[in-house]
Each structure stands twice: as C-alpha cells, then as structure tokens.
Amino acid sequence: MSDVGALFGRERREIAPGAVHLPDWLDPDAQRELVAACRAWARPPAGLRTVRTPGGGQMTARQFGLGWHWSPRGYARTAVDGDGAPVKPMPTELAELAARAAQAATGAPVAAAYDIALVNFYDADARMGMHQDRDEEADAPVVSLSLGDACVFRFGNPHTRTKPYTDVELHSGDLFVFGGPARLAFHGVPRIRPGTGPAELGLTGRLNVTLRVSGL
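Structure report, in brief. (Residues numbered from 1 in each chain as written. Predicted model: local features only at pLDDT ≥ 70, side-chain atom pairs only at ≥ 80, totals over all residues. Heavy atoms only, no water.)

Another point: the overall build of the chain. Looking only at helices and strands, the chain has 2 helices and 13 strands in total. Computed over its C-alpha atoms, the radius of gyration of the chain comes to 16 Å, within 12% of the 17 Å expected for a compact globule of 216 residues. Its C-alpha atoms give the chain principal-axis dimensions of about 45 × 40 × 35 Å. Evaluated residue by residue, the chain yields a buried proportion of 53% over its 216 residues. (Helix = DSSP H or I, 4+ residues; strand = E, 2+ residues; numbered from the N terminus. Rg over C-alpha atoms; globule rule 2.2 N^0.38 Å. Buried < 20%, exposed > 50% of the residue type's maximum accessible area, 1.4 Å probe, protein only.)

This brings us to unusual backbone geometry. With an omega of 0°, the peptide bond running from Pro44 to Pro45 counts as cis. Structurally, Pro45 can be placed in the loop between helix 1 (28-41) and strand 3 (62-66). In this structure, Pro164 follows Lys163 across a cis peptide bond, with omega equal to 10°. Note that Pro164 resides in the loop between strand 9 (150-155) and strand 10 (166-170). Phi at Asp24 is positive, roughly 55°, even though this residue is not glycine. Of note, the phi angle at Ala46 is positive, near 50°, even though the residue is not glycine.

Here we come to the pattern of salt bridges. If you walk through the whole model with that rule in mind, you get 7 salt bridges. Here Arg212 and Asp133 are joined by a salt bridge, their closest N and O atoms 3.3 Å apart. Taken together, the residues Arg212 in strand 13 (residues 206-212) and Asp133 in the loop between strand 7 (128-131) and strand 8 (142-148) connect sequence positions 79 residues apart. For the pair Arg212 and Asp133, one class covers both residues: buried. For the salt bridge of Arg154 with Asp167, the shortest nitrogen-to-oxygen distance reads 2.7 Å. Of this pair, Arg154 sits in strand 9 while Asp167 sits in strand 10, and the two are 13 residues apart along the sequence. Take Asp167: its relative accessible area is 39%, and that puts it in the partly exposed class. What emerges from the salt-bridge pattern is a single network uniting Asp133, Glu136, Arg183 and Arg212. (Salt bridge = Lys/Arg side-chain N within 4 Å of Asp/Glu carboxyl O.)

A few words now on helix 1. Side chains of residues three or four places apart in an α-helix project in the same direction, reflecting 3.6 residues per turn. A rise of 1.5 Å per residue sets the reference length of helix 1, with its 14 residues, at 20 Å; its end C-alpha atoms lie 20 Å apart and thus fit the reference within 8%. Among the residues of helix 1, Ala30, Gln31, Leu34, Val35, Ala37, Cys38 and Trp41 are the ones counted as buried. Buried residues in helix 1, looked at end-on, bunch into an arc of 165°, giving them a common side. Turning to helix 1, the residues buried within the fold contact strand 3, helix 2 (92-106), strand 6 (116-122), strand 8 and strand 13. By the N-cap criterion, in which a side-chain oxygen at the helix start approaches the backbone nitrogen of a residue two or three places on, helix 1 is capped by Asp27, the distance to Asp29 being 3.2 Å. (Expected span 1.5 Å × (residues − 1). Arc of directions from axis to C-beta. Contact = heavy atoms within 4.5 Å. Polar contact = N/O pair within 3.5 Å; in protein donor to acceptor, adjacent residues only side chain to side chain.)

The next thing to look at is the sheet that holds strand 3. On the basis of which strands lie adjacent, the open sheet formed by 7 strands has the order 1-2-11-8-13-6-3 and antiparallel pairing. Lying at the two open borders of the sheet, with one neighbouring strand each, are strand 1 (13-16) and strand 3. Going from strand to strand, the sheet's axes swing by 20° on average, the running direction of each strand aside. Sheet analysis places strand 3 next to strand 6, joined by 5 bridges and oriented antiparallel. Within strand 6, the residue paired with Phe64 across the bridge is Val119. (Pairing = 2+ DSSP bridges. Axes fitted to C-alpha atoms, helices over the stretch in contact; angles between N-to-C directions.)

Our next topic: the nonpolar core. Counting residues in each nonpolar core, the largest one holds 38 residues, and the members touching the most others are Leu34, Leu94, Tyr114, Leu145 and Leu211. Sorting the residues of this core by element identifies strand 2 (19-22), helix 1, strand 3, helix 2, strand 6, strand 8, strand 11 (175-178) and strand 13 as the ones contributing at least two each. Ranked by residue count, the leading element in this core is helix 2, at 7 residues. For Leu94, the residues in contact, after removing those within four places along its chain, are Leu34, Trp41, Leu66, Ala117 and Leu211. With 26 residues, the next largest nonpolar core counts Ile15, Trp70, Tyr75 and Phe153 among its residues. (Core = buried A, V, L, I, M, F, W, Y, C linked by side-chain atoms within 4.5 Å.)

Following this line, the structure appears as structure tokens:
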C-alpha cells in the first residue's frame, strides 16, 4: 500500500475534545488502492456478511473483519456468525496506516499496534444506530476512514445516545479519529448521500474502514 498518511486537503477540525476530523486525508490514488484491497478482503472465506442482532434483527450495513471478527457477542478469531472460517489476518500496511492516521490526528504516537479492521459497507438505504465501541480492552484512539459516497456521521457524548451530538459530513478520503475523553462517545450514521462518491472509485455506496487496538 502506498504512503497514504499525509494530509491532502482541507483543515483539521476538532469536533469534541479527543475527536478530530481531517478532511481529504487520503489522496485519490490511496483511495483507489484501499477500495481495491477491500474488495479482495471482502471475498469468502470470512468475507462480507449481514450482521444479526441478539434480538433476531439484522444491521442494514454489511461488515467483515480483519485480525478479529466482531459480532454483538464480542470478538472472535473465526467468523462465528458468518461461515465459521478463520478471520483473515490484519495486514501490516493497514496497521501502519492506522498508526499514522492516529498520530496525524492527535499529534502523539500510539504505543500498541492496531490489530482490528472492521469494514462496513453501506448502500443507499443503510444506516447505523447510535452505539459505543466498547468491546476492546485497550483505550487507543479509534481510526475511521471513509470511501465512496458521503454520509452524515453523528458524533455524540459518552453518556447517552441522545443529544448533545454533532452531525459531520464525511466524504471520500476523510479521516475521523476519536480517543481520550471521546473514546466511548456514542456515534452512528443516520444518512448516506447516494451518488456523491468519486466516479473513479467505481464504488456504489460507502465503505467505512474502522481501525482499533483490541488489547486482547
């Protein structure tokens, strides 16, 4: 994977203490490369699947994991609610990208290695309800990269799914990092902007690559 960790465009925005938005962080070549990699990683075994909730429903965004498989029951090394296959390993270049992204946003290196990638695919009608990323045992910042269609990203507070929150437009190539006092903030995606992604990506919908340190 090419050197994609340099700020490419608009200015840094602090959304809340510990939460930073870096627009255009991935340049167009890096975006194309990461989309191609995601397409390969999404193939079986342990590929893109529909996530079932404990109540029997299903999430509208589809997902796959690298390094660790996530389900509503927590993390596992096999796709326990998919095809049962071992999860693909976390690519070294993706872990290095996450470390560069976290440092670009926070100004400080992360001591532990990023070992989880959760990739969500949103079509035009997909949503993600307000939730916390709290299944990890490490408190390293969460790194989120957007590819394809823009979305409304709702970033809240650590105490409640309701207000106060801030709605942020995330576009293809944007980086969003949250850690420190914002690490357990509730967040979600209430809306996708269909047809807004760069045509050269050849991607209909939105990919969100979320990178974490498991502490497991």
